[in-house]
Amino acid sequence: MAKKTDIGPPDFRKMLPPVIKSNYGTWKYHEILKPGLLKHVGESGDVLYTVRAGSPRLLDVDTVRDICAIADKYCDGYLRFTSRYNIEFLLTDERKIEPLIKDVQELGFPVGGTGTCLTNITHTQGWIHCHTPATDGSGVVKAIMDELYDYFVTPKLPAKIRISLACCGNMCGPIYCSDIALVGIHTKPPTRIDDKNFSKWCEVPTTLASCPTGAIKRNPETNSVRIQEEKCMYCGNCYTVCPALPIADAEHDGVAIFVGGKVSNSRTRPRLSKLAVPWLPNNPPRWPEVVGAVKNILEVYAEHARKGERVGDWIERVTWPTFFKLTGIPFTDQHIDDFTNAILTYRTTTQIKS
Amino acid sequence: MSKSETPKLDELEKGRWPSFVKEIKRAGKRNAGARDLLGQLELSYQDKIPHWKHGGVVGVKGYGGGVIGRYSDSPDRFPNVAAFHTIRVNMPSGWFYTTESLRKICDIWEKHGSGLTNFHGSTGDIILLGARTESIQPCFDELVDEAGFDLGGSSSVLRTPSACVGPARCEYACVDSLDICNDFTQTFQNYIHRPHWAYKFKIKISGCPNDCVASIARADLAVIGTWRDALRIDQAGVRAYVDRGMDIEKEIVRQCPTEALEWDAKGGTLSLKAEECVKCMHCINRMPKALRPGKDKAATILIGGKGPMVRGARLGWVLIPFMKMEPPYTEIKALLENIWDWWDEHAHTRERVAELIERLGLRAFLKAVGLPAIPEMVLEPRSNAFIYF
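These lines cover the structure that appears in this document, whether it is placed above or below. (Residues numbered from 1 in each chain as written. Chains lettered and ligands numbered in written order. Predicted model: local features only at pLDDT ≥ 70, side-chain atom pairs only at ≥ 80, totals over all residues. Heavy atoms only, no water.)

Structural notes on the overall build of chain A
Working step 1: Within chain A, the regular secondary structure consists of 11 helices and 12 strands.
Working step 2: For the C-alpha atoms alone, the extent of chain A along its principal axes is close to 75 × 70 × 35 Å.
Working step 3: The buried share among the 354 residues of chain A stands at 58%.
Working step 4: Considering only contacts in chain A between residues 6 or more positions apart, those separated by 24 or more positions represent 62%.
Working step 5: For chain A, the computed accessible surface area is about 14,400 Å², with 51% contributed by carbon and sulfur atoms.
Working step 6: Side chains of chain A carry 43 positive and 39 negative charges; the gap between the two charge centres is 5 Å. (Helix = DSSP H or I, 4+ residues; strand = E, 2+ residues; numbered from the N terminus. Buried < 20%, exposed > 50% of the residue type's maximum accessible area, 1.4 Å probe, protein only. Contact = heavy atoms within 4.5 Å. Areas by Shrake-Rupley, 256 points an atom, 1.4 Å probe, with all protein chains shown as cover. Lys, Arg positive; Asp, Glu negative; His and termini not counted. Charge placed at Lys NZ, Arg CZ, Asp CG, Glu CD.)

Written out as structure tokens, the structure is:
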């Protein structure tokens, strides 16, 4: 047993390079010198360069060691990661920048993801390591980033863009405030109830309470539960609390796409992403329908938005009917909300574009 | 030549973006678990469903969280992932590392597990992906004793707090997001490691209103840096942007949400009506070499950000517009304890604090935690006359 417990993480101050220690809290400004290269200047006049590289998040320890070897060679053994899985190499010697970039690229990691470049797609575990997904995580992301690679290494978008993926509605990787959000969804109720194991694996009250729409009822005949199918919207929350209610379905699970969310307070308020595409099929290994839909939305946005305008700001300005017209995405009755905040989303003005 | 057993995944070794399949194969050269992981994933790619079962209870002595049980539903075909658990390791604030610390983690993980990692998981932890049940305790022991790392949160606990890069490398930082994160993490170790509550609780700290860790969306309690005096303008810096071709009227002045900026083209001067500014960051983001936040800095505190389960996703609601954040952060910690007491007392199973506030009302919440109602808490007052007196 460990000699001590509850030691918490190492103090971050032990992980900071000297230039950060001496300029902590006194940085003056920054600029993006080129895609993936940041320059921060302190009040002291000190300069810190950051080289940002995209990663697949899933890393073997030998790859982590390769990354460490680069950080040892150029950065005195210091590095960090961003909240979106990018690796950041921190250095002060301008002459080392280009050789560092070359080594990072030779390792297979693209340098970019800053400013108006597309940054990495955050995502969840998917089929690699989870029991509830309605789609994969890493595979869909790999397919999209292969297609949108140029946007990662070239700053050609109107503003910063955040794409995120969650492989089910639990959204352990939250996506609901992203410019483009992908979520794995089920479209059939969990009717293959394992009555035999229900009482062994599940509790009736917990299972009933897990349903946001009250679609789960007791079933005295089977000593289990039954699903009122017309009420179920397939969120999968019941399966999370009760393994006897499997919901995964090879043909009917798929991916929904939401757009226009953001977390930054810049210009406009943070807002949730809204439904653009209700369902696309799971088509591994490259999910061409999903990749095509994301690319279409991104490119229509890039063509029409003004400089500095996030996806949601652009849609707000041109209005939603125009978004559907420009992207060619059909508007269906599935786009009309019928969940907890539904009535707040119905149009209450005659201000309509013709 | 023998035919590949993973044709679908092999396809994802191609392409310009770095491949997770290559990573699994690299681990597979040493580790049988990683090889079986690849095989089971290929099966998922063929039949389009997951092949993991619900997690069972696994963990380390004295803790109730930090390890997520994971079992294959096809252990006969893939015996080396029959038990393939996840260990969450609490990252240092801001995800800063020395290579020495990373190498220690790699060596320990190679010895006890699959060698596969995530840098990082969604909440911010280092994820060690794939340990056998009997390996968890020795792996944990070495992480603590030899590498100085500890577990993060899982299940109904305080999840691992996280923070943006903050004052370590950002001139926008209005609070010391890294120190606050580290301080909270150390103070609340017991809440992180032992399930106390009806569901999870998340804390995230962003240095400025750009909110790079998405605290307003993700955190039950969000700390977002801000300021209340005038933002600082370097007029020469402004003119330099204009000289380089920026249309300051169109890109900055007319984009200001509260019309707080004016540009005098003749004099080359940008002026600010400080009382109109809502500290949104737009002009600063566009001209970081000329504009900076003010000097009277603090944080806005918000409650209730969460994902869709169960009653829908919620953005955080403002509780305190401007709270000074100085160590040891006594005031905010006392508020957290009050919030947890009330939530713990009233919440149903799997009810996040936002959902409890929706069920019982923000007024009840404010009374319970001792905060006065102020207009900054709402976008607008109520529009109905059904008022409780």
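Description of the overall build of chain B
Working step 1: Along chain B, the regular secondary structure elements total 14 helices and 16 strands.
Working step 2: Across its three principal directions, the C-alpha atoms of chain B cover 75 × 60 × 40 Å.
Working step 3: The buried share among the 389 residues of chain B stands at 62%.
Working step 4: Nonlocal contacts in chain B, meaning residues at least 24 apart in sequence, comprise 64% of its contacts between residues at least 6 apart.
Working step 5: With an accessible surface of roughly 15,400 Å², chain B has 51% of that area assigned to carbon and sulfur atoms.
Working step 6: Across chain B, the 52 positively charged side chains and the 49 negatively charged ones have centroids separated by 4 Å.

A few points about a nonpolar patch on the surface
Residue and element names in this part refer to chain A.
Working step 1: Nonpolar side chains collect at one region of the surface, where Phe-331, Ile-336, Ile-343, Leu-344 and Tyr-346 lie side by side and expose about 580 Å² of accessible area between them.
Working step 2: Relative to the elements of secondary structure, Ile-336 occurs in the segment after helix 11 (320-327).
Working step 3: A relative accessible area of 45% places Ile-336 in the partly exposed class. (Patch = residues over 30% accessible without salt bridge, like charges linked within 9 Å, V, L, I, M, F, W, Y side chains within 5 Å. Salt bridge = Lys/Arg side-chain N within 4 Å of Asp/Glu carboxyl O.)

Examining the state of the cysteines
Working step 1: The tally for this structure, following the rule as stated, stands at 1 disulfide over all chains.
Working step 2: A sulfur-sulfur distance of 2.1 Å marks the disulfide that ties Cys-202 of chain A to Cys-242 of chain A. Between Cys-202 of chain A and Cys-242 of chain A the sulfur-sulfur dihedral comes to about 75°; the bridge is accordingly right-handed. Of the two residues, Cys-202 of chain A is situated in the loop between helix 6 (195-201) and helix 7 (204-209) and Cys-242 of chain A in the loop between helix 8 (237-241) and strand 11 (254-259); the sequence distance between them amounts to 40 residues.
Working step 3: Between Cys-164 of chain B, a cysteine without a disulfide, and Cys-212 of chain B, which holds the nearest cysteine sulfur, the sulfur-to-sulfur distance is 6.2 Å.
Working step 4: For Cys-164 of chain B, a relative accessible area of 10% corresponds to the buried category.
Working step 5: Free of any disulfide, Cys-170 of chain B has its nearest cysteine sulfur in Cys-208 of chain B, 5.9 Å distant. (Disulfide = S-S within 2.5 Å.)

With respect to the nonpolar core
Working step 1: One finds Phe-89 of chain A together with Tyr-97, Phe-201, Ile-301, Met-325 and Trp-340 of chain B to be the most contacted residues of the largest nonpolar core, which totals 105 residues.
Working step 2: Top element by residues in this core is helix 2 (residues 61-75) of chain A. It accounts for 8 residues.
Working step 3: When neighbours within four sequence positions are excluded, Phe-201 of chain B is seen to be in contact with Val-157, Leu-158, Arg-159, Asp-220, Leu-221, Leu-336, Ile-339, Trp-340, Trp-343 and Val-353 of chain B.
Working step 4: Core analysis: the second largest hydrophobic core is formed by 65 residues, Val-291, Ala-293 and Ile-297 of chain A together with Leu-12 of chain B among them. (Core = buried A, V, L, I, M, F, W, Y, C linked by side-chain atoms within 4.5 Å.)

What about the pattern of salt bridges?
Working definition: two side chains of opposite charge can pair if their charged atoms are close together.
Working step 1: All told, the structure shown has 45 salt bridges over all chains when counted by the stated rule.
Working step 2: With a closest N to O distance of 2.7 Å, Arg-65 of chain A and Glu-110 of chain B form a salt bridge. One end of the pair, Arg-65 of chain A, is in helix 2; the other, Glu-110 of chain B, is in helix 4 (residues 99-112), on a second chain.
Working step 3: Taking the relative accessible area as the measure of exposure, Glu-110 of chain B reaches 32% and is therefore partly exposed.
Working step 4: Among the ionic pairs, Arg-310 of chain A bridges to Asp-179 of chain A, the shortest N-O distance being 2.8 Å.

Quick look at the pairing of strand 6 (residues 87-91) of chain A
Within a regular beta strand, the side chains point alternately toward one face of the sheet and then the other, so they alternate between its two faces.
Residue and element names in this part refer to chain A.
Working step 1: In terms of burial, strand 6 is largely enclosed, as 5 of its 5 residues are buried.
Working step 2: Here strand 6 shows a buried face lined by Ile-87, Phe-89 and Leu-91 and a second buried face lined by Glu-88 and Leu-90.
Working step 3: Strand direction decides the pairing type here: strand 3 (residues 47-53) and strand 6, joined by 5 bridges, are antiparallel. Looking across to strand 6, one finds that Thr-50 is bridged to Leu-90.
Working step 4: Pairing between strand 5 (residues 78-81) and strand 6: 3 bridges, direction antiparallel. (Pairing = 2+ DSSP bridges.)

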